[in-house]
Amino acid sequence: MSDNNLVISVDAMGGDNSPRVVVEGIARAHKNNPDIKFLLFGDEAKVSEEMKRFPNLKKFCTLVHTSERVRNEDKPSQVIRNKNTSMYMAIDAVRQGQAQAVVSAGNTGALMAISKMILKTIQKIHRPAICTLIPHKKGRCVMLDLGANTECSAINLAEFAIIGNILAKHSLGIESPRVALMNIGAEEMKGREEIHQAAKIIKASHLDLNFIGYIEPHQIGEGYADVIVADGFSGNIALKTMEGTARLVTGLMKNSIKNSLLAKLGLPFLFPALWSLKRTMDPRKYNGGMFVGLNGLSVKSHGGTDAFGFSHALDNAAKLVRQNFVQTIRDEVENIDLDELSQDILYDVY
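Caption draft 1: The packing of aromatic side chains, seen in detail. One pass over the structure, following the stated rule, counts 1 aromatic pair. For the ring pair Phe38 and Phe60, a centre distance of 6.2 Å and an interplane angle of 65 degrees mean the geometry is edge-to-face. Note that Phe38 is positioned in strand E2 (residues 37–42) and Phe60 in the loop between helix H2 (44–51) and strand E3 (61–65), a separation of 22 residues in sequence. Assigned by exposure class, Phe38 and Phe60 land together as buried.

Written out as structure tokens, the structure reads:
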């Protein structure tokens, strides 16, 4: 797809510090994507006021007024039918073909529910999942689900393994990605029954997956696996723990340097290594998780991110559109008989 035809729909009212962070994030993202256009949905008065800080935004942004917004405390069941919210209208713009992707930092549950209702799931996929790339010692890996489904069945986890395998092949260029299920231990008897059953499905089925078994959370950063599969509850906790640890480490390093004369003297020599470490560990660079399994591209930004982080969510959305990820997943899944997976688990249980 030509960049001249690429439009990203944005929920300007989603997130903890909207629309300020959203508008500034768009201004930052435009520097890396000068030919992309943005379709903003939100309170016209508030968004326009923020846009005054970036006069050039008017050249590549179209603002559509919405009278309502989805709040963080709103339940998905309360907002899913409200067509007047900035989130609903931003997602619907993708369905109508006005945009090729939607980005929101708003309520995760609502974004998931509305995206699933409007965009629909790819045929054969039972549940979409939030997926993103995360860093480890040897590069990056695909991790899902990161919060879309707090409870998952064995068949859901097996489907996530399939989708993650497809993403790792295409986004990381790995011919045979190592796929692992996140668990509390490597031993087969540990963890929930759903995880055990998912492992049996993957091992016993016709799936051509390089399944390496279980991986514990502390091993994620070691680079043992290229695809890490978890239920949304565990995956979200693991991701946020990693993000918090990254901020802790960088904060401790800053304090150590600040309080040590020797460290300050040696800083010019250490700066390249420290800067490289900071860039690698900065969680804002990995902001923007894709809802995989939908017939449209919906990207979730962290609600509390800053403009730098939101710009990366927009960058990620643009990259996914250019790589035609939705169609890639659709084509690959079409060649897999997921109903046979269901029969595998039923046969094993009964």
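Structure's up, so let's keep going.
Caption draft 2: Molecular detail of the pattern of salt bridges. With the rule as written, the count across this model stands at 10 salt bridges. Among the salt bridges present, the one from Arg71 reaches Glu73, with a minimum N-O distance of 3.9 Å. When salt bridges with common partners are traced through the structure, they connect Glu24, Arg28, Glu50 and Arg53 into a single cluster.

Caption draft 3: Seen up close, the state of the cysteines. The tally for this structure, following the rule as stated, stands at 0 disulfides. The thiol sulfur of Cys131 is not disulfide-bonded, and the nearest other cysteine sulfur, from Cys141, lies at 9.4 Å. Look at Cys131 and you get buried, because its relative accessible area is 7%.

Caption draft 4: How the structure looks around the packing of helix H6 (residues 154–171) against helix H7 (residues 193–204). With their axes 8 Å apart at the nearest point, H6 and H7 run at an angle of 50 degrees to one another. Accordingly, the angle class assigned to the pair H6 and H7 is oblique. Where H6 crosses over H7, the two elements pack in a sense that is right-handed. Contact with H6, carried on its side by Ala154, Ile155, Leu157, Ala158 and Ala161, involves Glu194, Ile195, Gln197, Ala198, Ile201 and Ile202 of H7 and no other residues of that element. Residue composition of the contact of H6 with H7, by class: 9 nonpolar, 1 polar and 1 charged.

Calculation criteria
- Along each chain, residues carry numbers from 1 onward, in the same order as the chain's sequence is written.
- Given that this is a predicted model, residues contribute local features only at a pLDDT of at least 70 and side-chain atom pairs are listed and counted only at 80 or more, while totals for whole chains, interfaces and linings are drawn from all residues.
- Heavy atoms throughout the structure, all of them, feed into the side-chain values; hydrogens and water do not.
- Stacked, edge-to-face and tilted are the three classes for Phe, Tyr and Trp ring pairs, Trp counted by its six-membered ring, which pair at centre distances within 6.5 Å; planes under 30 degrees apart are stacked, over 60 edge-to-face, the rest tilted.
- Think of it this way: any DSSP run of H or I at least four residues long counts as a helix, any run of E at least two long counts as a strand, and we number them from the N terminus.
- Throughout this description, buried means an accessible area under 20% of the type-specific maximum (1.4 Å probe, protein chains only), exposed means over 50%, and partly exposed covers the range between.
- The salt bridge definition used is simple: a Lys or Arg side-chain nitrogen within 4 Å of an Asp or Glu carboxyl oxygen.
- Working definition: a disulfide is two cysteine sulfur atoms within 2.5 Å of each other.
- Note on geometry: axes are C-alpha line fits, over the in-contact stretch for helices, and angles between N-to-C directions span 0 to 180 degrees.
- Note that the term roughly parallel is reserved for angles under 35 degrees, roughly antiparallel for angles over 145, roughly perpendicular for angles of 65 to 115, and oblique for everything else.
- For a crossing to be left-handed, the near helix must be turned anticlockwise from the far one by less than a right angle; the clockwise case is right-handed.
- Contacts between residues were defined by any pair of non-hydrogen atoms, one from each residue, lying within 4.5 Å.
- Ten residue types, Ala, Val, Leu, Ile, Met, Phe, Trp, Tyr, Cys and Pro, are classed as nonpolar, four, Asp, Glu, Lys and Arg, as charged, and the remainder, Gly among them, as polar.

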